[in-house]
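Okay, here's what each chain looks like letter by letter:
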Amino acid sequence: MSDCSIRLAAPEDAGIINDIQNHYVLTSTATFHTEPLTLEERLAWLKNRSSAHPVTVALAEGAIVGWGALEVFRGRRAYRHTAEFSVYVRYDWHRRGVGRAILADLMTRARALQYHALVGGCCSESAAVIALLESLGFDRVAHFREVGRKFDRWLDVVFLERVL
């Protein structure tokens with residue numbers, strides 16, 4: 001398990017947050033973005049967040065090695081007690097507990113923000129992510145077949161949920 005600390009993201013973290021995610025944009029189905037995000041897009045994303053939807057970064061050995069975020073789950077008011085989450089770990093920091101630490105922190109923040117449930121979706125190929133979520137008490141609640149297309153392939157999405 002990695003010894004890492006988690007803190008709220010700051011505007012100066014935008015570049016590394018972008019680098020971490022853009023690696024997966026170009027190389028994997030971990031995100032369904034198909035084009036890298038620009039620094040300007042990332043800065044706007046960070047600037048336009050409310051306190052109810054924080055972005056965090058994980059630090060280890062003096063560097064940011066991952067990030068997480070709570071997002072709006074659908075736009076209708078009835079969903080206001082549910083948040084969707086994102087977690088990304090720098091490709092060379094996998095399997096060191098960073099993703100688990102980020103997600104545990106997001107769960108704590110979600111409870112403090114009085115969310116009732118957390119929802120996350122990932123490509124069905126992401127076996128390690130699904131196993132991590134299930135180990136933290138998330139249940140598979142949906143499997144959407146061939147709803148995404150990337151790298152000239154149809155991709156399935158699995159949704160998992162945890163009632164807090």
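Keep in mind that what you see is a predicted model, and the values were worked out from it rather than measured.

Some points on the pattern of salt bridges
Now for step 1: Going through the model one piece at a time under the given rule, you end up with seven salt bridges.
Now for step 2: Across the salt bridge formed by E125 and R153, the nearest N and O atoms sit 2.5 Å from each other. One end of the pair, E125, is in the loop between β5 (117–123) and α4 (127–135); the other, R153, is in strand β7 (residues 153–163), with 28 residues separating them in the sequence.
Now for step 3: For E125, a relative accessible area of 43% gives the class partly exposed.
Now for step 4: The class for R153 is partly exposed, based on a relative accessible area of 35%.
Now for step 5: Measuring nitrogen to oxygen at the nearest pair gives 2.6 Å for the salt bridge that ties R140 to E134.
Now for step 6: Owing to a relative accessible area of 51%, R140 belongs among the exposed residues under this scheme.
Now for step 7: Note on E134: relative accessible area 35%, which makes it partly exposed.

Here's the deal with the layout of surface pockets
Now for step 1: Empty space within the largest pocket amounts to approximately 1,200 Å³.
Now for step 2: Along the wall of the largest pocket there are 41 residues; nearest its centre are A30, V87, Y88, C122 and V129.

Side note on the side chain of D156
Now for step 1: Looking at the element boundaries, D156 is found in strand β7.
Now for step 2: At a separation of 2.9 Å, a polar atom in the side chain of D156 contacts the side chain of H143.
Now for step 3: Of note is the side chain of D156, whose polar atom sits 2.8 Å from the backbone nitrogen of E146.
Now for step 4: Residue contacts for D156: discarding those within four places in its chain leaves F32, C122, C123, S124, H143, F144, R145 and E146.

Topic: the sheet that holds strand β6 (residues 139–150)
Strand pairs in the sheet, formed through backbone hydrogen bonds, run parallel or antiparallel to each other.
Now for step 1: Taken in spatial order, the seven strands line up as β1-β2-β3-β4-β5-β7-β6 in an open sheet, and their pairing is mixed. Here the strands that pair on one side only, and so sit at the sheet edges, are β1 (5–8) and β6. For this sheet, the mean angle separating the axes of adjacent strands, direction not counted, is 25°.
Now for step 2: Note: β6 against β7, eight bridges, orientation antiparallel. Across the sheet, residue A142 finds its bridge partner in β7, namely F159.
Now for step 3: Strand contacts of helix α2 (residues 39–47): β2 (55–60) and β3 (63–72), with the helix running at about 55° to β3, the strand carrying the most contacts.

Some remarks on unusual backbone geometry
Now for step 1: For E61, which is not a glycine, the phi torsion comes out positive at approximately 50°.
Now for step 2: Here E61 is to be found in the loop between β2 and β3.
Now for step 3: Residue E61 is classed as exposed on the basis of its relative accessible area, which comes to 73%.
Now for step 4: Of note, the phi angle at Q114 is positive, near 65°, even though the residue is not glycine.
Now for step 5: Note that Q114 resides in the loop between α3 (98–112) and β5.

Some words on the environment of H94
Now for step 1: Relative to the assigned elements, H94 resides in the loop between β4 (82–89) and α3.
Now for step 2: With residues up to four places along the chain from it excluded, the contact list for H94 reads Y24 and V89.
Now for step 3: Within the local environment of H94, its side chain forms a polar contact with the side chain of Y24, the two groups lying 2.6 Å apart.

What counts, and at which threshold
Residues numbered from 1 in each chain as written. Predicted model: local features only at pLDDT ≥ 70, side-chain atom pairs only at ≥ 80, totals over all residues. Heavy atoms only, no water. Salt bridge = Lys/Arg side-chain N within 4 Å of Asp/Glu carboxyl O. Helix = DSSP H or I, 4+ residues; strand = E, 2+ residues; numbered from the N terminus. Buried < 20%, exposed > 50% of the residue type's maximum accessible area, 1.4 Å probe, protein only. 1 Å grid on protein atoms, 1.4 Å probe; cavity = no way out; pocket = protein on both sides within 12 Å on 5 of 7 lines; lining within 4 Å. Points joined across faces, edges and corners; volume = space filled by probe spheres on them. Polar contact = N/O pair within 3.5 Å; in protein donor to acceptor, adjacent residues only side chain to side chain. Contact = heavy atoms within 4.5 Å. Pairing = 2+ DSSP bridges. Axes fitted to C-alpha atoms, helices over the stretch in contact; angles between N-to-C directions.

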